[in-house]
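Structural characterization, general
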Amino acid sequence: MTSVCSEACVTMEPRDEISKALNIPREFTRRISKTRVVCLVSEEWLQLALQGNVAGHKWRHQLTVPECDYLLAPSTTTLPQPWLRISVKSILKSDQHIDWPQDEALYNPELDSSLLGHLSETSKENFQNLWKSAYDRYQGCECSKMTNKQTQFTEAVRQYLYRIHPDVYSSLNRSRNHQVDPTSDRLNTSSTCPQNIVPILTVVETDVNLHLIQPYFAQSLHDAVTFSPSIFESSFSKALFVLYQILQAMRTFHKHGLSAGDLNMRNILIDHKLWVFLSNVPVGPVCHSVGSGGSQDSDTLNTLESQSPAVLNQTAEQVPLLQRLHSESDSMVEDARRYLHSSQNFKLEIKNLPDFVEQWVNRKISNFRYLMVLNTLAGRRQGDPNHHPVLPWVMDFSGPDYGFRDMKRSKYRLNKGDNQLDLTFEAFSGLSDDSHIPHHVSDVLSDITYYVYKARRTPKSILCTHVRSRWVPNEYPSSMQRMQEWTPDECIPEFFTDPTIFTSMHEDLPDLELPPWSSTAEDFISKHMEILESEQVSSSLHHWVDLTFGYKLTGSAAVKSKNVNLQLVDEHKHVTNRGVVQLFNVPHPHRTPVSQRTGPQPPRLPKNMLPSQMLGDLVEDTHTGDKRSSGSSQTANANRPEQASIRLPKSFDPVSDLDQLESLYNFSSNTMKELPQSTYAKLPPSPVNRSSSVVTCDMQAFGCLVCEMFLASSLHMQSTQTSLSHRYNVLKSTFREGHGSFPRPLLKAVELLLQFKNYTSGKNKGEITDFCYPVVNRIGLPPPTPVQLLHPVLDTLPFPKYFPDLYTCLCRLKVKDNDIQQVRWSCNYPPVEKQKVVKVIAREKVKILQNFLETFQGHLSPEGLELILPYVEDLFRDDITAIPAAWSLFNLIGQEIGPKETSSRFLQHLVKLFSGENPSPKLMKIYHKTFLIQMLLRLGLQTFLSNFATLLVEAVAGYKNYVFEELYSDQQESDALDDLVKRQDDEDLTLPPLEEEEDHDEDLEMGSQFSEFPTESTQDDVDDIEDEIADNLSLSEDNQADDEDERSEDSLNISVDDESDFRSDGEAYGAESAERASIHSISHLIDKSYDQPGISESDGGSLTEKNISSRDWGTPPLQNHTDNEDTVEDNENKNGGSEVKSSMVRSETDEFAHSMSERTAEEVVNISDVSAESIKWLSQRLGPVLTAKFLSRNLLRMLALCYFGEEQLIVLAESDKKFPKSSRLVCGDRNAHKVLECLSCIAQMYGEQVILLQYVPCIVDMVNTAKKRLTQKAESGVISALVLLRHILPLLSDISLMDVLQDTIIRDTLSPLIKLISSASHNFPGGSTVRTLVCHKFIDVVFIIGLRVGFEMTRNLMKELLIEFFSCFTQVHGNQQQPPQESTQQESVDQVKTQVLTDDSYCNIKMDGSTNEYTIGTPVSLGNFSPSPSLSPVGWQSSRKSLYSLTVTPYDDREDSPEYGTKEKTLQDLVEVFSPELAMASYIPFCRIFGSIYMESCLPNDDMIRQLCSQYDGELSPTPSSDSEPPSPIHEVSMGLCLPCLATPVLGIGSNVALLGNRIQLTSSTAQGSDAFKVGPIHRNSRILRVDPDETRIEQKENQKRRHLRGNWLAYWEHELGLSERDTMFNFKQIKLQTFEGHSSSIRSLTVLDNENSFITASKDKTVKLWSIKSYGDGAHKSKCQWTYQHHKKSVFSVAYLDSVRLVASCDSTVHIWDPFTGDIVRRLESSRYSPVTALIPCPSPSTMIITATNDSTLRFLDLRAASYAHEYKCTTSTAGLIRCVTVSPDSQWVSVGFSSGILSLLDLRTGIMMKSWKGHEGDILQMKAYNKTTFLTSSFDQTMKIWNTEDTKDLPCLKGQSEPVHCMSLYKNQIITGTTGNKIGVHASIENQASFTVTKLKTDTFKGVLTSMAILPMNRTVLLGADNGSVRLLC
């Protein structure tokens, strides 16, 4: 059976045929092979195509031709909406009959993985093969032929679709008139299409062709090995997995009786996740053979195909054009144009590459064509801006025959200069960071340069996208000379062939100026081409080829030539289809000069003239007897012609041709593994046996493919289209020369597949005998098949054991992807329902990956993880699956790859997830403490705080909250949901928690049929959630600490507890716990957070968690309970098999809304609530310093943003009980509520010093900022400052309040604010709204202070403030009060004297401040307040305008002036602010704290303020009382103005006031004490501020003050808070913070956990203790340990904590492995079985290894996951003493060992090879630390510290510092902290010789004993010091 595509050519050009058949404009297509075209279509077009209506699409989106070219370029990775790229395969219909195999397997495709089954099948197959072979040998081979039938070609294509793509086969039978069967009809078809074959979306059938519409893949396997070789060089498993997928695809083809086709790297497509697709359609005529050549439709990318036989392999006779003289430049240009046109439209095929080299060397083809051939081999594509062909700049255009370019230097080097390149290369060489790679050249031709070159012919939109966002024509070079000077990149072919490139299509961009020696563009390109083909350029062009494509790209030659290219050394591991390619690694032969070429005539030699010939006939006769004659005769004999030398011309070298030929053949044989074709006679036909089976041919092709993948660097110059026999010959020749670079594990498979040793050369060199496999090979196996290579027992190819499961997992993911695509393009679903179904299917992908990772946790190699990580990252990128993936997969994958890799891959996705703009209830999970613990553990403390602290604070402010109404996406929801929406307020309707989880099981069951996620009682499609911190964790009760109070407080906050919770739930990810909760988990998390005991308002809202507060580290801390496992398993069995159906699917939001339908607004819990509780928990966990730096500082900034914007200043109609009482509440107060709650919690936790040293200075700074410049941010800052001040006042003690009241609060804050809001020179951007709100918040603050400090202090301290505030009303309203006439006043007085009290008058009641009693003053008439038109509501606006408008002044002409308008607006704002309403809102509360009589006496404008209050009071409508009749106006006014100042038991007025009828009577009794503050307001205005005095002071219990900052802790905290972020020096101040006592002997080892609030110590007292760091006391506090491990029998000298497995290894010569969270012993490795251990160190995360050093100079690697030794390395070849210390590089590349003799050994950690061993010190090695990837430090008893470089271990200068042996060494950033037994702490600023060094002697009162161990807490900048007396001290 053959496996090539149809030979028939399409009558119409493919692009035209496809454009006509598929309704796609021709410019939207690009041809990539003979029968395949890539098309640019819209989503709408594809939707119609899948529905069978391609003709119905109307092209509304128009693109220019350059835009289409850019989007169709293979290097373009991102396409804008709504564009997509598809690939269209056109197959010409034909009635020709071909042999077509039956649909039966070529062999047994099933895989029996058992050994017994394999032996049985092998025996049976061997027997059958031997019998068949014998029969064929003796009886003939007729019956051994394949049983094929004759089938029409078109029908064969249909049969292929039926076998491989059954989902599209049915469309062909009903497809007529360009119609296809809609996707919806085949939606329910099972996904049987193989996952490693390019899928077919649909088929469009015409009368002539079958058009297969397929997805477009831009990269091929050839691109991967060519442009991204590091992918396979760095990971052998990646290459193996690619081969594994290819074998699976071949197995699929063979299962259906088909061949896999032409297997070569260009036909195998690959995506960025290394998923492989075979692109062949294995249907072809029988006349072709697999071995005869590549398929005519190989679907190759970027290859040149045949135009005509005459163009293929041109000899000298076939290219007469290129033999013309150089002056014929016009013909050269035309030839170049024809070549470019043919390469674009007909895809010229390149064969016999050595012939091209030979023809160029011998001047038979042009420079232009040869360079274009090299560009094609390097993968460069015409029109691709990122990978366009390049040609050299040949001159600087200064003259027509001079100014030639130096070809020995790259253009980049010529442009930048040697000094700059050397500086860049050397600077990067000194850095160990992977992001700075030493290089000289960044690119040969960048996309920016490409567009600058073609700027005149490129639309502005594209130029602004790629070159510069702003269109500045002057920025583009104006002339060719300027262009050549400007660019560091090479030239493009268009400057040699295209005259239109110089003409500008833009009006403001002139044409590109030509050199003065050319007249027109045509003349320039003609002369330019002539220069390219000139002798000056040809003689040195090979140097340019070496720089651009040759050996000077890598190695020492590249460094010497300053040509190290970044793309070749950056070791990028992402798949790409562009880059620099090194075609050959030996010098390129030069072009034969014209003067040296051997012509047809021999050279003309000069004739040698003898002296006698010079004299002519005058030759002297000589006599024989004369002595002189005798001498002359000898001379004459010597000068005879046969004795004379032949003098050759200077330019003639007969050996040059031979040297050139030898150089050419060496180059061809080394680079292309073959010689030019002229070397051989004509090759015979293909050596492959034409009668070989399909399987044999496919397996041989697969063997060639394996070799080509790993030998790609030496096969770049191979032909783009070669036969299988040619490939085989080249590889055989390569292996004959040596295969040192080929992976040794694959040699066995290659020998099995290619049988190199069994085939020898035939008569003609390069010919092999017919290829076939032995019937039974030497190991007893039948001929190879894909099934045989995939068999796990045989291990022919070294596939890891997890490959089958990994492949199955990824195939399931691909099936889900296909299902999603089908749903999206389906017409059966409404849009809303379609989105829900997509979500359900997408989340099943999370479940698939989770199951795989759980199953293979700990069994995947790092290379295996790299295969699965791209799929995990895709789930994080997808908005649908991001949250479920984060919840279910983040911890699993983070545990496997370690913090560094986790941050590199997932940090950006997590930040995006937290920064999402689409709020949803699902987000509560990632803001919950449960997920935050995961991020803390898997990212590290510093990464977490740096990236997520701000995001958490933003969520606290409510900006991430979801709106409950938005959960309803369908109008047909249940009645309960509709009722809920109707009765809830838009702003108040949010997420309530579940009261009892079991109450709502029935509500959630509706969605169970659409999910595969089992829950406690139902299935749901919402999320895949696990309860991370379970409530089923308990403690044992033994081993209690002595101090129970301290113990309970410690257990409340220690982070090790949190981690233990997380660890126990991490185990729940495994098989032991299968609980899968949907939306219940959100509510469950909320219930756990808010239903914990011990939470009260007095605790400041701090989160006391049940599972933490009950913890006791005196016993093994945590143990799992599995009471509910049976229930979980039952639910799994019940619901595990559910499938997605096409019926109505309830989305997660619908289900959630349904479950919340019975909740009330008071039970609402939103994202801000969860975030606030997480902030409180974090503040406990982090400690005071990190809390202040990352939490409270951001909370203060966030508080100001809560009042930023007009929408935040909207006044709330009604106050909420949960908000603090205020004179005016706005929307910003809602957002600020949780922020203030968190700030209060932090202040209560760490004491009022947080308020005094952080909060109050922030308040003052906000006010000062506003004083300097009033911006919108400054406005919000002022409001937030007042709100914060009002909130923190109750938290301050009386002493602290009085300390800051007068100077800080009144003088620096309140007084400047009064001046600010009353100033007419300050224009508030927010206008009167902001001023008014500031005034109301000012009232709140003053009122709270007054209630807090009492009458006397209020009057003494705030009198001036009172006067200053109310004077603002005089500034605004003072001129309105007209002085009454004397007669009117006297008349009124007389009237009052003669009349009794009536309804229109009242008595002014005043209070005596000394007696606290009321007195009745002079009656006042109401008429005095009502007549004034200026105070009436009707005349208020006109009065304000008449009084303060400047339009009535003589300066009316300045009205249009901006300054005038601003001042007028400010004055208008003042009038609106200081209104009667504000007067009422301020006067009555101030009366309550100052006293009305006191205010009347001290306020100059008291009467005016009262009038304003009366006016506002009159504007309010009367409110009927609960009594039978409303109060009289007298009572109303009097109570409104004065009576609220005191209260009586009856009326709430005062103790000496009684109401008799309609009279108020004073009694003699007086009220004493503070009863005056128990006022109950009775005024009709409910907005008057009322605060219970008890609320102005919050008292904390004594046990809540344990962590308050004082003493040394306060000094340390204040110092760290004041440091700049740029201050990175470790400043050791010798401040003692805490002492840890518990050990009875010397501390031998200290290990700090990453969270920096827990550490582990090992001691000589045979114990290991676990400690918690908390800010207790003033520095003298002594803490007890949390738990003790007591199972050691000897002194413990080393302890290590391995973060990846959460286990501890401690050593006393035997290693104990134990769990610090449960106290369980995992294993003890006794020394009787193993050698005693002398040192121990953990490998960097994510490794699970602990390195132990034994006393026999051996390193043994202990796998803590398996609790057993894995392997061991020998450290020395001679006696070096005992191993004292070991250190490992941060990247786990090397390990260094220090011996007691001073010898150092360096070993490769991956192979165990000893790299070096040398004498480093004269004494015992004390300490070793890895400084970075290439450097480590050592200290010795010889009192020296040395720095060693792993690449060069020469004896370096000693590190200056300590004068005694250093036995403690730690690192802080790039600084070195050392300690000695003399109790001296040294700090080296760096490892440089010039670095500073400081040393500090520990004081005896700070540290007692001898220093024995040390550890640094880098985030807190503290140090733990262990002493010989068993104590540990925390110092800073």
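Residues numbered from 1 in each chain as written. Predicted model: local features only at pLDDT ≥ 70, side-chain atom pairs only at ≥ 80, totals over all residues. Heavy atoms only, no water.

**Topic: the overall build of the protein**
Of regular secondary structure, the protein possesses 61 helices and 45 strands. Classification of the 1932 residues of the protein by burial places 58% in the buried group. Long-range contacts, defined as pairs at least 24 residues apart, comprise 71% of the intrachain contacts of the protein with a sequence gap of at least 6. Carbon and sulfur atoms make up 49% of the accessible area of the protein, which totals about 80,700 Å². (Helix = DSSP H or I, 4+ residues; strand = E, 2+ residues; numbered from the N terminus. Buried < 20%, exposed > 50% of the residue type's maximum accessible area, 1.4 Å probe, protein only. Contact = heavy atoms within 4.5 Å. Areas by Shrake-Rupley, 256 points an atom, 1.4 Å probe, with all protein chains shown as cover.)

**As for the confidence of the model for the protein**
With 70% of its residues at a pLDDT of 70 or more, the protein has an overall mean of 75. Of the regions scoring below 50 in pLDDT, residues 1519-1553 engages in 82 contacts with residues more than four places distant in sequence or in other chains. (pLDDT = per-residue confidence, 0-100.)

**Quick word on helix α9 (residues 236-255)**
Between the first and last C-alpha of α9 there are 29 Å, a value that for 20 residues agrees with the 28 Å anticipated at 1.5 Å per step. Positive phi appears at G257, one or two residues downstream of α9, with a value of about 75°. (Expected span 1.5 Å × (residues − 1).)

**Here's the deal with the environment of Q700**
The topology assignment puts Q700 in helix α28 (residues 694-710). You can call Q700 buried: its relative accessible area is 0%. C-alpha separation for the pair Q700 and L753, spaced 53 residues apart in sequence, amounts to 5.9 Å.

**What about the sheet that holds strand β32 (residues 1779-1784)?**
Strand order in the open sheet formed by four strands is β32-β33-β34-β35, and the pairing between neighbours is antiparallel. The two strands at the open ends of the sheet, each matched to only one other strand, are β32 and β35 (1810-1815). Taken over all neighbouring pairs, the strand axes of this sheet differ in orientation by 15° on average, direction set aside. Pairing between β32 and strand β33 (residues 1790-1795): five bridges, direction antiparallel. Each residue of the ladder has a partner; that of V1784, found in β33, is V1791. (Pairing = 2+ DSSP bridges. Axes fitted to C-alpha atoms, helices over the stretch in contact; angles between N-to-C directions.)

**Things to note about unusual backbone geometry**
The omega torsion of the bond from Q81 to P82 falls at 5°, within 30 degrees of zero and hence cis. In this structure, P82 sits in the loop between α3 (65-72) and β3 (83-92). Omega for the bond connecting S1741 with P1742 falls within 30 degrees of zero, at 15°, which places this linkage in the cis form. One can find P1742 in the loop between β28 (1733-1738) and β29 (1745-1750). Unusually for a residue other than glycine, F397 sits at a positive phi of about 65°. Along the chain, F397 turns up in the loop between α13 (367-377) and α14 (411-416). Residue class for F397 comes out buried when judged on its relative accessible area of 1%. We note that S1788 has phi near 60°; this positive angle belongs to a residue other than glycine.

**Brief notes about the sheet that holds strand β36 (residues 1821-1826)**
Sheet architecture is open: three strands sit in the order β36-β37-β38, paired in antiparallel fashion. Only two strands of the sheet have a single neighbouring strand rather than two, namely β36 and β38 (1841-1845). Strand-to-strand twist across the sheet, computed as the mean angle between neighbouring axes with direction ignored, equals 20°. Judged from the five bridges that link them, strand β37 (residues 1831-1836) and β38 form a sheet pairing that is antiparallel. What sits directly across from F1832, in β38, is W1844.

**Quick word on the nonpolar core**
Counting 279 residues, the largest nonpolar core has F702 and F1486 as its most contacted members. Per element, the largest residue contribution to this core is 22 residues, and it comes from helix α53 (residues 1327-1373). In contact with F1486, other than residues within four places in its own chain, are F1338, I1339, V1342, F1343, L1362, F1365, F1366, G1491 and M1495. (Core = buried A, V, L, I, M, F, W, Y, C linked by side-chain atoms within 4.5 Å.)

**Examining the packing of helix α32 (residues 803-824) against helix α34 (residues 862-877)**
Between two packed helices, both the angle of their axes relative to each other and the distance between the axes serve to describe the pair. Between α32 and α34, the least distance of the axes is 11 Å, while the angle of their chain directions is 15°. With respect to α34, the axis of α32 lies roughly parallel. Note on packing geometry: the crossing formed by α32 with α34 is left-handed. Residue-level contacts link F803, L806, L810, L813 and K814 of α32 to L867, I868 and Y871 of α34. Across the contact of α32 with α34, the residue classes break down as seven nonpolar, no polar and one charged. (Parallel < 35°, antiparallel > 145°, perpendicular 65-115°, else oblique. Left-handed = near helix turned anticlockwise from the far one by under 90°. Nonpolar A, V, L, I, M, F, W, Y, C, P; charged D, E, K, R; others polar.)

**Notes on the packing of helix α38 (residues 941-956) against helix α48 (residues 1184-1201)**
Between α38 and α48, the least distance of the axes is 9 Å, while the angle of their chain directions is 25°. As summarised for this structure, α38 and α48 are arranged roughly parallel, according to the angle between their axes. Remark: the crossing between α38 and α48 carries right-handed chirality. Between α38, through L941, L945, S946, A949, T950, V953 and E954, and α48, the contact on the second element is made entirely by L1186, F1190, L1191, N1194, L1195 and M1198. Taken together, the residues of the contact of α38 with α48 break down into nine nonpolar, three polar and one charged.

**Describing α3**
Because each turn of an α-helix spans 3.6 residues, side chains separated by three or four positions in sequence point in the same direction. Listing the buried residues of α3 in full gives E67, C68, Y70, L71 and L72. Against β1 (29-31), β2 (36-42), β3, α16 (447-453) and α17 (460-466) lie the buried residues of α3.

**Quick look at the pairing of strand β39 (residues 1862-1868)**
In terms of burial, β39 is a largely internal element, six of the seven residues being buried. Sheet analysis places β39 next to strand β40 (residues 1871-1876), joined by six bridges and oriented antiparallel. Each residue of the ladder has a partner; that of Y1868, found in β40, is Q1871. Counting the residues between successive antiparallel strands, the hairpin from β39 to β40 contains two residues, one of them, K1869, with a positive phi of roughly 55°.

**Some details on the side chain of N1653**
Examined against the element boundaries, N1653 turns out to sit in the loop between β19 (1643-1648) and β20 (1654-1659). Residue N1653 is classed as buried on the basis of its relative accessible area of 3%. Here the side chain of N1653 touches R1181 through a polar contact of 2.7 Å, landing on its backbone oxygen. A polar contact of 3.4 Å, which involves the side chain of N1653, links it to the side chain of S1654. (Polar contact = N/O pair within 3.5 Å; in protein donor to acceptor, adjacent residues only side chain to side chain.)

**Examining the environment of V872**
Here V872 shows up in helix α34. Taking C-alpha positions, V872 is 9.7 Å from A882, a pair spaced ten residues apart along the chain. Every residue in contact with V872, bar those within four places of it in the chain, is listed here: L849, L889 and F906.

**Description of the pattern of salt bridges**
Under the definition given, this model contains 45 salt bridges. Note that K1189 and E1616 form a salt bridge whose closest N and O atoms lie 3.5 Å from each other. With a gap of 427 residues between them, K1189 in helix α48 and E1616 in helix α61 (residues 1607-1618) connect regions that are remote in the sequence. Judged by relative accessible area, which is 2%, E1616 ranks as buried. Ionic pairing is found between D1820 and R1780, a salt bridge with its closest N-O pair at 2.9 Å. Note that D1820 is positioned in the loop between β35 and β36 and R1780 in strand β32, a separation of 40 residues in sequence. Relative accessible area serves as the criterion here: at 42%, R1780 is assigned to the partly exposed category. Through salt bridges with shared partners, a single network forms among K273, E873, D874, R877, E901 and R905. (Salt bridge = Lys/Arg side-chain N within 4 Å of Asp/Glu carboxyl O.)

**Topic: the packing of aromatic side chains**
Two measures describe an aromatic ring pair: the distance that separates the ring centres and the angle between the ring planes. Counted according to the given criterion, the structure contains 59 aromatic pairs. Ring centres of W393 and F397 lie 6.1 Å apart, and the angle between their planes is 90°; this geometry places the pair in the edge-to-face category. Relative accessible area serves as the criterion here: at 0%, W393 is assigned to the buried category. For the ring pair F397 and F524, a centre distance of 5.7 Å and an interplane angle of 45° mean the geometry is tilted. Of this pair, F397 sits in the loop between α13 and α14 while F524 sits in helix α20 (residues 521-532), and the two are 127 residues apart along the sequence. Accessibility classification places F397 together with F524 in one group, the buried group. Joined through ring pairs, the aromatic side chains of F1338, F1365, F1366, F1369, F1474, Y1483, F1486, F1490 and Y1494 make up one cluster. A cation over a ring is seen here: R1602 above Y1672, with NZ or CZ 4.8 Å from the ring centre. One Lys or Arg, R1756, reaches over the ring of Y1765 and ends 4.2 Å from the middle of that ring. (Phe/Tyr/Trp six-rings, centres within 6.5 Å; stacked < 30°, edge-to-face > 60°. Lys NZ or Arg CZ within 6 Å of the ring centre and 35° of its normal.)

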